Structure formats: structure tokens, C-alpha cells
Amino acid sequence: MKLAPIILIGLSLFACNSSQPKTENIQMPASPKSYQFLVGTYTDSAHHGINHLYFSPDENLMTVETIAGGIANPSFVLASKDGKKVFSLEEEAGIQGGKVLSFARNPQSNELTLIDQDDSQGDHPCHISLSPNEDFLILGNYTGGSLTVFKVSSEGQVDFVQKIQHTGKSINKARQEAPHVHSTTFDPEGKRVLVADLGTDKIYVYDFNPDNPSPLSLAGEFPVTPGDGPRHLAFSADGKEVLVVEEMSAVLDVFRYENGVLNAKQRLSLLDEGFDGTVGAAEIRISPDGKHIYISNRGEANTLSVFAKKPNGEYVRVQNIPSGGIMPRNFNLTDDGKYLLSAHQASNDIVIFERDSISGTLSLTPWKATVHKPVYLHRLPD
């Protein structure tokens, strides 16, 4: 508190003894760059639940804290665009399946306050998608083999409006004995929802009309290679391609996409030549600049694969790197694309890679946090 007057006196003396008055621009130090994520987990006690991760490379700081305990297996969690509402699930089975939950989030304290909850209407919900206008929410129920639609009010209340039950199976009797909906993804226009069903080896395309009492209607079914087990998908930066990660075969499938129709374009393995072990391809993300594709692979592989697009439009794998832990079920990139955070369910940790913006390749950093069974990372707005 005594420093300011001393500085002022010094400046006054300098001014009196100077023939030419001088002014100085005092530059305030820039705020350290930081990133925030919500972390979904599997739980084994009331102390586990939804976590908040803070990472600041400028401060050499990475912290994780539980912000909503006592939730059973919130394995998927996302937030509204402004970060003030949070949606999660309880990946459980029961008479009415698991749960879908909505929270109010305080951006300053990160405190979550429960707004509403409803039954998922299908066992083991594992994926949530939010419509572009944030007025509808779709759950993928893995064991139930169904998807359920909820209307979201402006206050964050969730009301069930539709359930679609898939039927069928595929060639793997242990894993594909029934439908297993693994993800539901809105297309870039928000007019359709693409559903990856691991159990039936199909991508289903549904038209989405928010004005209808039942917003979803089936528009098409597109089979993948039997035994693939489609899990998650993403759209290319221009929206003209659908990129599908096939869990059971550890393959990236590329489809051309136009007016809700998928046409096969390219198929690439995630595995290095000579690899002989179990696999479990999991998450797929596109870098914020749209130039690179990232995919995680579990099993005995435990890798992150990086793909780039060549001038001729074909994709090529440019890197396979150890994920930094065991069972990389999920990962995400920072909004500027400088870092990738990899979450490991089995080794109970989250590690950070630095990303080369030109090549897309990753290099492991020393930053690491211990987290109980982290299985999803959602990037929060600054």
C-alpha cells in the first residue's frame, strides 16, 4: 500500500527537473491464458460425480475438483453455449432406464444447482446431443437400444416427448446381439440427426422438425461393414463429410454427406502394421481449425491417431502415439487447438498433449491430473 505514493513522488521530481514533460504508458500484465472443461466420470461413491478442470499453461497450473457429487455415473456431460446450463445423465438401468439431469451453473464459482431430472426411458443412457437452438435434447440409450427426445424449456426443465426403439442385430454374438445406440449427432444445418448404432452396424438418419409433436422421423438407414460397431461421428469443417469411428474394428470410415444421404468414400485403419491385440476405438474430434482428425483407441492399443487431408481430398494417418494412460475413452481439444486433453478411465488420470498447428501431431507434456474414472470432457466457454 505504500508503494504508490513513492512512485508518484519520483515521477513529480522527474517532471520538475525535466525541460520536456514526458508521459509513460504503463502496460497492465495480460491475464494468463486458461481453459476450462467439465469432466464426466464413472462413480463408486457419493464423493464422485461431475468435475471441473482448470488448465493454465501460463500459470503452470492444472486443477480438478468435484462440483456435483452423488450423481450415479454421469458419463456424459455438456453445457449450453453460454455455459450457464449443464446437462448430464446417470448411466444406469432400471424400470424407466437411467436419468437425464439439468443444472444451473454459476460461471464464477462453477457451482451446479439441480434444475430438473427425468427418466431416460431406456437402459444405460451414454450420449447426449443438444439441438442448435438448445430447445431439444436427445439421449442415446446404449443397452436399451433406443433414443429419447426431451423438450428443454428456457429455464432448463426437461420434458419427455418421444422415444424411438431400434431393432435388429449384427454378426458379433457377444456385442451385437441387439441394438446399442451409442451416439446421436445433429448435422451442421440442424435439420437432421445421425444415430450410430453399434449393435445393428448402421447409421440412422432422422429428419428433425421441432414443430412436430414427435420431432424425429426416420429418413434413411446406412449399413457399415458387418462387425464394425459404429460408435461416435463428426462432420468435416465444410459439412460435406461424415467421419465415423468404428469401435470394434478400430477403423475410421469417411462418408460423403449430402441432403441426409451417406456414400462411402474412404476407410482407414487406426492400427500400426503388425499390431496384434485387443482394440476399442472410442472418440473422434475435429481440430478447431478443421484441418485434422483425432481418434482414441482403447484395448491393448491405448493410442491417439491423427489424420490429415491431402490436396486430392483423401485422408492419411500422420501419427499414432500412446495416449499417455490406460483406456482413453474420451479426449478433447482446447478452443485454440494448442492442446489436447486425454482422459483415461482405467488409469484414473487426464494428461495433456501440445499440438503442432501445421502437422497436427501431438507431443506429451508433463501436465497430468488424477481423476476417478474420467470418461468425458466438455469444453466450456471462456
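Basis of the calculations
Residues numbered from 1 in each chain as written. Predicted model: local features only at pLDDT ≥ 70, side-chain atom pairs only at ≥ 80, totals over all residues. Heavy atoms only, no water. Pairing = 2+ DSSP bridges. Helix = DSSP H or I, 4+ residues; strand = E, 2+ residues; numbered from the N terminus. Axes fitted to C-alpha atoms, helices over the stretch in contact; angles between N-to-C directions. 1 Å grid on protein atoms, 1.4 Å probe; cavity = no way out; pocket = protein on both sides within 12 Å on 5 of 7 lines; lining within 4 Å. Points joined across faces, edges and corners; volume = space filled by probe spheres on them. Nonpolar A, V, L, I, M, F, W, Y, C, P; charged D, E, K, R; others polar. Buried < 20%, exposed > 50% of the residue type's maximum accessible area, 1.4 Å probe, protein only.

Attention now goes to the sheet that holds strand S25 (residues 339-344). In a beta sheet, neighbouring strands are held together by backbone hydrogen bonds and run either parallel or antiparallel to one another. Strand order across the open sheet formed by four strands is S24-S25-S26-S27, with antiparallel pairing between neighbours. The outermost strands of the open sheet, each flanked by one partner alone, are strand S24 (330-333) and strand S27 (362-370). On average, each strand axis in the sheet is inclined to that of its neighbour by 20 degrees, with strand direction left out of account. Pairing between strand S26 (residues 349-355) and S27: six bridges, direction antiparallel. Bridged to Glu354 within S27 is Ser363.

This part covers the layout of surface pockets. When its volume is computed, the largest pocket comes out at roughly 1200 Å³. Forming the walls of the largest pocket are 33 residues, and the residues nearest its centre are Thr185, Phe186, Arg285, Tyr376 and His378. Contributing elements (two or more residues each) for the lining of the largest pocket: strand S4 (77-79), strand S8 (125-130), strand S12 (181-186), strand S16 (230-235), strand S20 (281-286), S24 and strand S28 (374-379). Partitioning the lining of the largest pocket into residue classes produces 18 nonpolar, nine polar and six charged. Around the second largest pocket, the lining residues are Asp187, Pro188, Glu189, Arg192, Gly239, Lys240, Tyr257, Glu258, Asn259 and Gly260. Across the lining of the second largest pocket, the residue classes tally to two nonpolar, three polar and five charged.

The subject of this paragraph is unusual backbone geometry. The backbone phi angle of Met327 is positive, close to 70 degrees, even though this residue is not glycine. Note on placement: Met327 falls in the loop between strand S23 (315-322) and S24. For Lys373, which is not glycine, the phi torsion reads 45 degrees and is therefore positive. Its place among the elements puts Lys373 in the loop between S27 and S28. Residue classification places Lys373 among the partly exposed residues on the basis of a relative accessible area of 26%.

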